[in-house]
Amino acid sequence: MKEQLQKIRNSAENEIQSAQSMQELEELRIQYLGKKGELTALLRGMKDLSAEQRPLVGKIVNDVREAIEGALDTAKKEMKQKEKNSRLARETIDVTMPGKAKDLGHKHPLTLALDEIKDIFMGMGFKIAEGPEVETVYHNFDALNAPKNHPSRDLTDTFYITEDILLRTQTSPVQVRTMKKNKPPIKIISPGRCFRSDALDATHSPMFHQVEGLVIDKGITMADLKGTLDLFAKQLFGIGTKTKFRPHHFPFTEPSAEVDVTCFKCEGKGCRVCKGSGWIEILGCGMVHPNVLAECGIDPEEYSGFAFGMGLDRVTMLKYEIQDIRLLFENDMRFIKQF
Amino acid sequence: MFVPVEWLKQYVDIDGLDMDTLRDNMIMSGSNIETVEDLGERINKIVVGKILEIENHPDAKKLVVTQVDVGEEVLQIVTGAENIKVGQYIPVILNGGRLPDGTKIKSGKLRGVLSNGMMCSGEELGIADKVLPIHQAKDGIYILDQAYPLGTDIKEILGLNDHIIEFEITPNRPDCLSILGMARETSATFNIPLKAPQINVQEEVDMIADYAAIDIEDNELCNRYVARVIKDVEIKPSPQWMQNRLMKAGMRPINNIVDITNYVMLELGQPLHAFDLSTLEGNKIIVKRAKDRETFTTLDEVERKLDSSMLMIADSEKYVAIAGVMGGLNSEVTKETKTILLEAASFSANSVRATSKKLGLRSEASARFEKGIDPNIAIMAANRACQLIEELEVGKIVGGVMDLYPNRADEKVIEIRPKRMNDLLGTSLSNEEMIGILKRLEMKVIPKEDKFMVNVPTFRLDITQEIDFVEEIARIYGFNNLGMTLPKGNSQGAKTNGQIIEEITKINLNASGLNEIQTYSFISPKTFDMLCIPEDSFMRNVVKLINPLGEENSIMRTTLMGNMLEVLGRNYNRNVECAKAFEIGNTFIPKSIPVEALPIEKKVLTLGMYGKEIDFYGLKGVVQKLFEKLGIEGYEYIPEKNHKSFHPGRCASIVYGNHTLGVIGEVHPDVLENHDIDTRIYVGELDFNILLQITRLDKFYQELPKYPAITRDIAVVVKDEIYVKQIEDIARENGEKILESVKLFDVYKGKQIEEGYKSVAYSLVYRAKDRTLTDEEVTKVHENIVKVLEEKLGGSLRE
């Protein structure tokens, strides 16, 4: 019996080792350990053994069963691993094939640049004010201290609807409307479309965009103006950006300045973008003229303030290195998708 | 304003300053500089030569062979120039020299004859055509006015060892439109004293009263009229140094008298005009207005139409000049002129501007008059011209000055508060510092308690009130010396609700694959025809521009659909396969026609798309997703068959209560044809103002389902003209609170379905919030829905 058991063990182990599939293994399990299996059959013969022999043989039978079970387990694990490996090998794909994606839309570059500018000013406590594109001569010029004979009022410069109504040439009328409606403190930016009678070419468009700002409060100084715009420039163009305030003349501010920033492409060394000067002009600004404050119902003795303005189209073009303003209004999908 | 630095140095000692310092500091004190040009930089080896011989070229008819003495040697130069004569002094570029345009000159043979060097034309010397002296041949060699030592560097003769600064003069500073004005600015900037020209006339003959008389009939438009008379004038070219300065400042030398008037204008800023006194009838000058419909020929030989707003200079019988704009052909200084009357006047700036604009005629004089001239410099300017005539020995000055000065300009005294200056600038300048700055600007200051009384020189037309001094002090103190602070206060930045909704809309449409576009607010009136908008549509009531750039930009838009189709058409015609776009922009609705008040600006959202796999439902899906995000519910799509821009069977109005939110649909083939597009396009336009009002951004959590759902699919066969919405409505109405959703998954026509019918398949999902539904419960409700569908729509359940 002992020998028989050993034989079973040997043949089982051999067969298990050469088995090719899980199914074969399962069949072997049934063949040896199943209810009708060889080992079970042998066990049934135990009852014929003597009382002394029974525990001895029983132990051997158990050893053999454990051995077969162990061999089966190991074989099954190995088999599983092999099958997994072969599945993984089969499933190899070309990872350089293009991904599957729905096309996402893109914001217009003017909107993207404006979003950035808005965020910066909102961070400094500015609100965003809007106003009509079709404006009165009063709001666009008169209230802003523009001389009656100023050339910008000419039919050759400004689009008119009637003698008193025009397409705004700047977003400053929004400042006038804000000052007339609200009491200081006022802290707004006013982005929007503007219109001037310039024929369309690479650098001019009869419609363009401005972002203007206005701060009115007690004790506002020109140093506040400088500090605000310097911080803005650093946030928009990078922390290393420097600003230069050059005296200039605008009717609605006094003193007035133009603001240059160090070229953000070459960091002031001089390049194509800044035409070699290291500086780029981006803003006009100044202290709000007392005549304008008074006209808008604010006492210039009590309050002071500053205003500034920039061409959004220009900033956008500089930022994204767009050479031709016409691209902004042609709306070629291949252009917009780049942003 | 072009300022030759050599000329500037005559009035302010800036020899110790390099060009960069000069430029940078002038810019920072308010005189912005466009360019600085180094004239001599690119001129190399050009010297004075004298033509000794001219002989014909043996083999070329159009060429001559010349011998030119350049001092150290005599050069043989072959030239095609026709204006040269033996004995003339001319500029010669030597072998190996370089012209301003970069051309290098090398000796070589011209048609077999050796040519060593080249004689130069004005153009080759870098002199612009428009300033080339009138007596120099346009395409010929530049002939020097007199003998010069041979071999002298031409830069010395023509004053080319010089820089020209182009200043950008802002309209408030007409006093800077002169060399003296810029010298004042330079003096103030660097705190270097000004050396104003010493003006005096040495010798006078006769008395002016015996030569001429002046009468101002219109005091309103003429502030001052000063005249002097010069006799025995000898008209000829002015000396080279004067021509050089004029050319460098951008003016063409004409003859000595005209040049002197221009020279004084450039130097002092006072335009002068010289009349040939013999042409003035009655030896009289009358300043008066023209009459309507009169005409007058200016010295550029153009006949001008006059009107009664224009100020004229007349003699006792005729007009002789348009005041401040241009002289007449009839009184011009010519070679034969012997006696001149020199005018130094001050006319109303507005009048000159209006006249110049009406006539479309601008001159250096009108450009100065229209910005304003200090009338107090008139005599100085007239005397300066006389002084130059005397110095050049080209005329005798008649004694006395005619001076009519009806509108006297006196020095203003303005009260300013030093504290106010510091308050606005954020500085703490002492009184002494401020007084120092104002003194540099030629202002006298008398401190009075805590105020200053400041005398403003009359040439500073721009300074009228206290605030103007803030700028003066700031710019001389230096904007770069002001501090940098941030405004105090604790205001909060925020977007308005509308701005937030617009932002969400854009992001959502981007997520649906639509690109944002931006198009012009003005459109062509043809847009409406192209969109097939009916003649009587309210959309055709538009706000019109008086002065558009062209018809295509002549009216304010009442719809953005035209812009959208133009953009999509452009993309299509550029072979962009698929385009999906949106724009949020204003439309302009007039309150009345003709327009009397500001129009209503209504924001509109326009959507448009074309491409493979894009259809009506693609567009509708975009709208649906947007509305979902904006929390807009309870709107309906109503078939719209009458909108002429759209396919009558593929267009819907979106209705919300009493409001029409907008319309979406496939563009009508006629409209596509009008836009030269041969693909299907889907467009929608929504009233964004109403969307803003019905948007609900507040979100509240809905409990997740706890109990399982039971799904039943049905397919109903109905007539083609039944809208699926009718089926859905019936299902919902009969859902008994347990119908959670109704989802269309198939519409089938064809085999097995009778012609004129369609099979519509739905998944109906049933679920209760508080329990697990039983099959029986669901079956009861479901069967009822099927029954009602059969009854109301004549539908039959498809087996």
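Residues numbered from 1 in each chain as written. Chains lettered and ligands numbered in written order. Predicted model: local features only at pLDDT ≥ 70, side-chain atom pairs only at ≥ 80, totals over all residues.

- An unreviewed UniProt entry lists chain B under the name Phenylalanine--tRNA ligase beta subunit, with Marinisporobacter balticus as the source organism.
- As its UniProt record puts it under Subunit (unreviewed entry), chain B is described as follows: "Tetramer of two alpha and two beta subunits."
- Regarding chain B, the UniProt comment filed under Subcellular location (unreviewed entry) reads as follows: "Cytoplasm". (UniProt positions renumbered as here; feature names shortened; annotations may be inferred.)

- The name an unreviewed UniProt entry assigns to chain A is Phenylalanine--tRNA ligase alpha subunit, from the organism Marinisporobacter balticus.
- As recorded by UniProt, the Catalytic activity (unreviewed entry) comment attached to chain A reads in full: "tRNA(Phe) + L-phenylalanine + ATP = L-phenylalanyl-tRNA(Phe) + AMP + diphosphate + H(+)".

1. What to know about the overall build of chain A
Link 1 in the chain: Secondary structure assignment for chain A yields 12 helices and 9 strands.
Link 2 in the chain: Relative to the compact-globule value of 20 Å for 339 residues, chain A shows a C-alpha radius of gyration of 43 Å, a clear excess of over 25%.
Link 3 in the chain: Seen through its C-alpha atoms, chain A measures out along the principal axes to roughly 130 × 45 × 45 Å.
Link 4 in the chain: The buried share of chain A, reckoned over its 339 residues, is 41%.
Link 5 in the chain: Here the analysis covers contacts within chain A between residues at least 6 apart in sequence; of these, 65% occur between residues at least 24 apart. (Helix = DSSP H or I, 4+ residues; strand = E, 2+ residues; numbered from the N terminus. Rg over C-alpha atoms; globule rule 2.2 N^0.38 Å. Buried ≥ 20, exposed ≤ 12 C-beta atoms within 10 Å, placed from the backbone. Contact = placed C-beta atoms within 7 Å.)

2. Brief notes about the environment of methionine 333 of chain A
Link 1 in the chain: With respect to the helices, strands and loops of the structure, methionine 333 of chain A is situated in helix α12 (residues 333–336).
Link 2 in the chain: On the basis of neighbour counts, which here come to 22 C-beta atoms within 10 Å, the residue methionine 333 of chain A falls in the buried class.

3. Quick notes on helix α1 (residues 2–18) of chain A
Residue and element names in this part refer to chain A.
Link 1 in the chain: For α1, built from 17 residues, the straight-helix expectation of 24 Å at 1.5 Å per residue is met to within 8% by its first-to-last C-alpha distance of 25 Å.
Link 2 in the chain: Those residues of α1 that sit buried are Ile8, Ala12 and Ile16. Looking straight down α1, one finds its buried side chains confined to an arc of 55°; they lie on one side. Turned more than 90 degrees off the buried face of α1, the exposed positions are Lys2, Glu3, Gln6, Lys7, Asn10, Asn14, Gln17 and Ser18.
Link 3 in the chain: In this fold, the buried residues of α1 make contact with α2 (22–33), α3 (38–44) and α4 (53–90). (Expected span 1.5 Å × (residues − 1). Arc of directions from axis to C-beta.)

4. Structural notes on the sheet that holds strand β1 (residues 127–128) of chain A
Link 1 in the chain: Taken in spatial order, the 7 strands line up as β1-β4-β5-β9-β8-β7-β6 (chain A) in an open sheet, and their pairing is mixed. This sheet does not close on itself; its edge strands, each paired only once, are β1 and β6 (243–250) of chain A.
Link 2 in the chain: Both strand β8 (residues 279–288) of chain A and strand β9 (residues 304–311) of chain A contribute to a ladder of 4 bridges, which runs antiparallel. Its bridge partner lying in β9 of chain A, cysteine 285 of chain A is registered against phenylalanine 308 of chain A.
Link 3 in the chain: Most of the contacts of helix α12 (residues 466–477) of chain B go to strand β7 (residues 253–262) of chain A, to which it runs at about 35°, and overall it touches β6 and β7 of chain A. (Pairing = 2+ DSSP bridges. Axes fitted to C-alpha atoms, helices over the stretch in contact; angles between N-to-C directions.)

5. Description of the environment of glutamate 73 of chain B
Residues and elements named next belong to chain B.
Link 1 in the chain: For glutamate 73, the location among the structural elements is in the loop between β4 (64–69) and β5 (74–79).
Link 2 in the chain: Overall, the presence of 12 C-beta atoms within 10 Å leaves glutamate 73 in the exposed class.
Link 3 in the chain: When the C-alpha atoms of glutamate 73 and serine 351 are compared, they prove to be 60 Å apart, with 278 residues separating the residues in sequence.

6. Some thoughts on the interface of chain B and chain A
Link 1 in the chain: In this assembly, 71 residues from chain B lie in contact with 68 residues from chain A.
Link 2 in the chain: Elements with a contribution of two residues or more to the side of chain B that touches chain A: α2 (19–28), α7 (349–359), α10 (418–425), α12, α13 (497–511), β27 (515–516), α15 (561–573) and β30 (579–589) of chain B.
Link 3 in the chain: It is α12 of chain B that provides the largest number of residues to the side of chain B that touches chain A, a total of 6 residues.

7. Examining the UniProt feature "coiled-coil region" (unreviewed entry) in chain A
Link 1 in the chain: If you check UniProt for "coiled-coil region" (unreviewed entry), the listed places come out as residues 2–29 and 65–92 of chain A in our numbering.
Link 2 in the chain: Along residues 65–92 of chain A one finds 93% helix and 0% strand; the C-alpha atoms at either end are 41 Å apart.

8. What about the packing of helix α5 (residues 109–123) of chain A against helix α8 (residues 222–237) of chain A?
Residues and elements named next belong to chain A.
Link 1 in the chain: Put simply, α5 and α8 touch, their axes get as near as 10 Å, and they point 135° apart. Here α5 is positioned oblique relative to α8, judged by the angle of their axes. The handedness of the crossing between α5 and α8 is right-handed. Taken together, the residues of α8 that come into contact with α5 (itself represented by Glu116, Ile117 and Ile120) are Phe232, Gln235 and Leu236.
Link 2 in the chain: Its residues assigned to classes, the contact of α5 with α8 shows 4 nonpolar, 1 polar and 1 charged. (Parallel < 35°, antiparallel > 145°, perpendicular 65-115°, else oblique. Left-handed = near helix turned anticlockwise from the far one by under 90°. Nonpolar A, V, L, I, M, F, W, Y, C, P; charged D, E, K, R; others polar.)

9. Some remarks on the domain arrangement of chain A
Link 1 in the chain: Partitioning chain A into structural domains gives domain 1 (2–90) and domain 2 (109–336).
Link 2 in the chain: Placing a centre on the C-alpha atoms of domain 1 of chain A and another on those of domain 2 of chain A gives a separation of 89 Å. (Domains from an automatic or database assignment.)

10. Looking at the sheet that holds strand β1 (residues 2–4) of chain B
Residue and element names in this part refer to chain B.
Link 1 in the chain: As summarised here, the arrangement of the 3 strands in space is β1-β10-β2, forming an open sheet in which the pairing is antiparallel. Edge positions in the open sheet fall to β1 and β2 (32–38), since each of these has one partner strand only. Each neighbouring strand pair of the sheet contributes to a mean axis angle of 25°, computed without reference to strand direction.
Link 2 in the chain: Bridge count for β2 against strand β10 (residues 163–168) is 6 bridges, and the pairing is antiparallel.

11. Observations concerning the pairing of strand β3 (residues 44–56) of chain B
Residue and element names in this part refer to chain B.
Link 1 in the chain: One ladder, built from 6 bridges, connects β3 with strand β6 (residues 89–98); its direction is antiparallel. Counterpart to valine 48 in the pairing with β6 is proline 91.
Link 2 in the chain: The sheet contact formed by β3 and β4 spans 6 bridges and is antiparallel. Across the sheet, residue glutamate 53 finds its bridge partner in β4, namely glutamine 67.

12. Quick notes on the UniProt feature "domain: Aminoacyl-transfer RNA synthetases class-II family profile" (unreviewed entry) in chain A
Link 1 in the chain: As recorded in UniProt, the feature "domain: Aminoacyl-transfer RNA synthetases class-II family profile" (unreviewed entry) lies at residues 117–330 of chain A.
Link 2 in the chain: Here residues 117–330 of chain A runs as 27% helix and 30% strand, with 23 Å between its end C-alpha atoms.

13. Quick look at unusual backbone geometry
Link 1 in the chain: Here the bond from glutamate 254 of chain A into proline 255 of chain A is cis, since omega is -5°, no more than 30 degrees from zero.
Link 2 in the chain: Looking at the secondary structure, you find proline 255 of chain A in strand β7.
Link 3 in the chain: Look at arginine 293 of chain B: it is not a glycine, yet its phi comes out positive at around 70°.
Link 4 in the chain: With respect to the secondary-structure elements, arginine 293 of chain B resides in the loop between β15 (284–289) and β16 (295–297).
Link 5 in the chain: One non-glycine residue, glutamine 752 of chain B, lies in the positive phi region at around 75°.

14. Focus on the nonpolar core
Within soluble globular proteins, side chains that are nonpolar generally end up buried alongside one another.
Link 1 in the chain: Ile340, Leu341, Leu342 and Ala385 of chain B are the most contacted members of the largest nonpolar core, which totals 116 residues.
Link 2 in the chain: With 8 residues, the single largest contributor to this core is helix α6 (residues 256–268) of chain B.
Link 3 in the chain: Apart from residues lying up to four places away in sequence, leucine 342 of chain B is in contact with Ala227, Arg228, Ile230, Leu272, Ala274, Ala382 and Ala385 of chain B.
Link 4 in the chain: Formed by 80 residues, the second largest nonpolar core is a distinct cluster that contains Ile186, Ile188 and Phe237 of chain A together with Leu441 of chain B. (Core = buried A, V, L, I, M, F, W, Y, C linked by C-beta atoms within 7 Å.)

15. Some details on the pairing of strand β18 (residues 311–314) of chain B
Residues and elements named next belong to chain B.
Link 1 in the chain: Of the two faces of β18, both are covered, the one formed by Leu311 and Ile313 as well as the one formed by Met312 and Ala314.
Link 2 in the chain: In this structure, β15 lies alongside β18, joined through 4 bridges in antiparallel fashion. The partner of valine 287 across the bridge, within β18, is isoleucine 313.
Link 3 in the chain: Here 3 bridges tie β18 to strand β19 (residues 319–322), and the two strands are oriented antiparallel to one another. The partner of methionine 312 across the bridge, within β19, is isoleucine 322.
Link 4 in the chain: Between β18 and β19, which pair antiparallel one after the other, the connecting turn spans 4 residues.

16. Points about the domain arrangement of chain B
Link 1 in the chain: Under the domain assignment used here, chain B contains domain 1 (2–39 + 163–190), domain 2 (44–157), domain 3 (204–404), domain 4 (416–481), domain 5 (497–694) and domain 6 (710–797).
Link 2 in the chain: Between the C-alpha centres of domain 4 of chain B and domain 5 of chain B the distance comes to 57 Å.

17. Points about the UniProt feature "binding site: Mg(2+)" (unreviewed entry) in chain B
Link 1 in the chain: Under the feature "binding site: Mg(2+)" (unreviewed entry), the UniProt entry names Asp462, Asp468, Glu471 and Glu472 of chain B.
Link 2 in the chain: Residues in contact with aspartate 468 of chain B, not counting those within four places in the same chain, are Glu254 of chain A together with Asp462 and Ile463 of chain B.
Link 3 in the chain: Inspection of the secondary structure puts glutamate 472 of chain B in helix α12.

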